[in-house]
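# Analysis of the macromolecular model
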Amino acid sequence: MTRTLIMTLAAVMSMAQAPADDSKPAASNVLNAPYPRVHADGRVTFRITAPAAQKVQLQPGGADNGLGKGPIDMTRDDKGVWSVTLPPAVPGFHYYWFLVDGLIVNDTGSEAFFGWGRESSGVEVPEAGADFYELKNVPHGDVRLRHYQSKVTGAWRRAFVYTPPGYETDTKTRYPVLYLQHGAGEDATSWTKQGRAHLILDNLIAAGKTKPMIVVMDTGYATSPGATPAQGATGSPQTPNAFEDVVVTDLIPTIDGAFRTLADRDSRAMAGLSMGAGQTLQITSKHLDLFAWIGSFSAPLRNFDVKTSMNGVLTDAATLNKRVRLFWIGSGTGETAIHDAATQLHTALDGAGIKHVMFESAGTSHEWQTWRRSLNDFAPRLFR
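Remember, it's a predicted structure, so these values are computed and weren't measured experimentally. (Residues numbered from 1 in each chain as written. Predicted model: local features only at pLDDT ≥ 70, side-chain atom pairs only at ≥ 80, totals over all residues. Heavy atoms only, no water.)

### Examining empty space enclosed by the protein
- Within the structure shown, the criterion is met by one cavity of 30 Å³ or more.
- Estimates place the volume of the largest cavity at around 40 Å³.
- Taken together, Ser296, Ser298, Ala299, Leu301, Ile329, Gly330, Ser331, Ile338, Ala342 and Leu345 form the lining of the largest cavity.
- Residue assignment for the lining of the largest cavity shows that the elements contributing at least two residues are strand E20 (326-332) and helix H7 (336-352). (1 Å grid on protein atoms, 1.4 Å probe; cavity = no way out; pocket = protein on both sides within 12 Å on 5 of 7 lines; lining within 4 Å. Points joined across faces, edges and corners; volume = space filled by probe spheres on them. Helix = DSSP H or I, 4+ residues; strand = E, 2+ residues; numbered from the N terminus.)

### Digging into the packing of helix H4 (residues 243-258) against helix H5 (residues 275-286)
- Two elements in contact, H4 and H5, have axes whose closest approach is 10 Å; the angle formed by their N-to-C orientations is 50°. Judged by the inter-axis angle, H4 sits oblique to H5. Read as a crossing pair, H4 and H5 show a hand that is right-handed. Packed against H4, whose contacting residues are Phe243, Glu244 and Val247, the element H5 presents Gln279, Gln282, Ile283 and Lys286 at the interface. (Axes fitted to C-alpha atoms, helices over the stretch in contact; angles between N-to-C directions. Parallel < 35°, antiparallel > 145°, perpendicular 65-115°, else oblique. Left-handed = near helix turned anticlockwise from the far one by under 90°. Contact = heavy atoms within 4.5 Å.)

### Quick notes on the nonpolar core
- Counting 37 residues, the largest nonpolar core has Leu178, Leu180, Trp191, Phe297, Leu375 and Leu382 as its most contacted members.
- It is helix H3 (residues 197-206) that provides the largest number of residues to this core, a total of five residues.
- With sequence-adjacent residues up to four places away left out, Trp191 is seen in contact with Leu180, Gln181, His182, Arg196, Ala197, Met217, Leu273, Phe297, Trp368, Trp371 and Leu375.
- Formed by 23 residues, the second largest nonpolar core is a distinct cluster that contains Val246, Leu251, Ile255 and Leu290. (Core = buried A, V, L, I, M, F, W, Y, C linked by side-chain atoms within 4.5 Å. Buried < 20%, exposed > 50% of the residue type's maximum accessible area, 1.4 Å probe, protein only.)

### Quick word on the sheet that holds strand E3 (residues 44-49)
- Overall, antiparallel pairing links the five strands, which are arranged E1-E2-E3-E7-E6 in an open sheet. Lying at the two open borders of the sheet, with one neighbouring strand each, are strand E1 (24-25) and strand E6 (75-76).
- As judged from the two bridges shared by E6 and strand E7 (residues 81-86), these two strands associate in the antiparallel manner. When the sheet's bridge partners are listed, Arg76 is paired in E7 with Trp82. (Pairing = 2+ DSSP bridges.)

Below you can see the structure in the form of structure tokens.
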């Protein structure tokens with residue numbers, strides 16, 4: 001047997017004995033970036049080159065997340081490459097960043113996603129058998145950027161507006177509108193970049209499961225000129241958020257003026273996640289002359305009282321049931337405190353005789369997979 005043949009057989013045997021690497025670059029990576037990598041069983045491998053660093057850790061975003069409790073120590077090889085492979089993650093989108101000797105560092109292999117009050121890294125872990133938020137070969141709507149001058153803040157603002165397939169060609173049809181809000185530390189880009197709301201709507205409309213609609217996504221922060229900071233829940237001064245005034249005074253008139261909307265309360269809905277859910281409950285309950293459809297995704301309900309919360313509208317079940325076409329509340333079973341609060345609200349609403357829908361996202365936490373599933377359930381119920 002020749003030396004060449006021996007070496008070839010040894011190489012083949014070595015390949016046969018080595019475990020197959022079934023991982024693929026995450027869909028959330030920048031072009032051609034090999035890491036992060038997602039394995040077939042849901043494990044995720046992260047890697048960063050930092051040869052001068054003494055300690056590198058992976059920090060998942062938040063306590064309720066599908067990657068695990070952080071910070072998570074990473075291991076260095078002899079070339080200064082640090083890596084870690086996490087156990088199977090909960091499917092969906094997860095924020096994360098690196099801590100390099102304590103310094104927050106984004107992953108250059110990941111797209112940037114605005115969350116946690118800044119541009120952050122994110123990794124997409126596929127969910128087996130779930131494609132309702134994936135890009136499919138169906139008719140697609142458009143996501144437009146709309147700038148407008150706010151009378152409330154005196155500044156320019158922007159909103160992202162989804163128009164359904166056929167909006168450009170069928171110029172006589174008018175559409176109902178869903179105002180859809182992000183969570184704390186996020187912005188107007190979040191529902192399309194992290195949430196894939198436009199793809200969810202495209203797929204639902206193509207399947208005939210929901211009515212074509214316009215969806216408006218704005219940033220849920222606004223400051224009026226001369227606003228005086230007041231003591232917030234944390235004890236530190238906080239500037240009052242004028243977003244409610246922006247929605248009523250600026251945003252709705254702008255959208256109704258620029259797009260072919262059905263400009264009546266029966267054709268107008270509002271929903272939001274986390275902070276945006278709290279804003280939704282506040283704004284819609286105070287302005288039932290403007291909204292007939294309400295969606296609360298993972299609302300951080302604190303000291304909720306049927307008699308006093310939501311501007312007291314829950315005390316008159318008969319009137320509320322007549323005026324509100326849909327009152328939808330939902331949460332993930334993995335976000336324990338919020339899910340418990342949603343369950344308590346569900347019980348209280350039942351006791352008060354208020355019609356509503358309760359939705360649970362099995363196994364997901366205070367993250368985007370919960371809210372993607374929420375939108376997928378909520379949207380088909382609208383404008384019926």
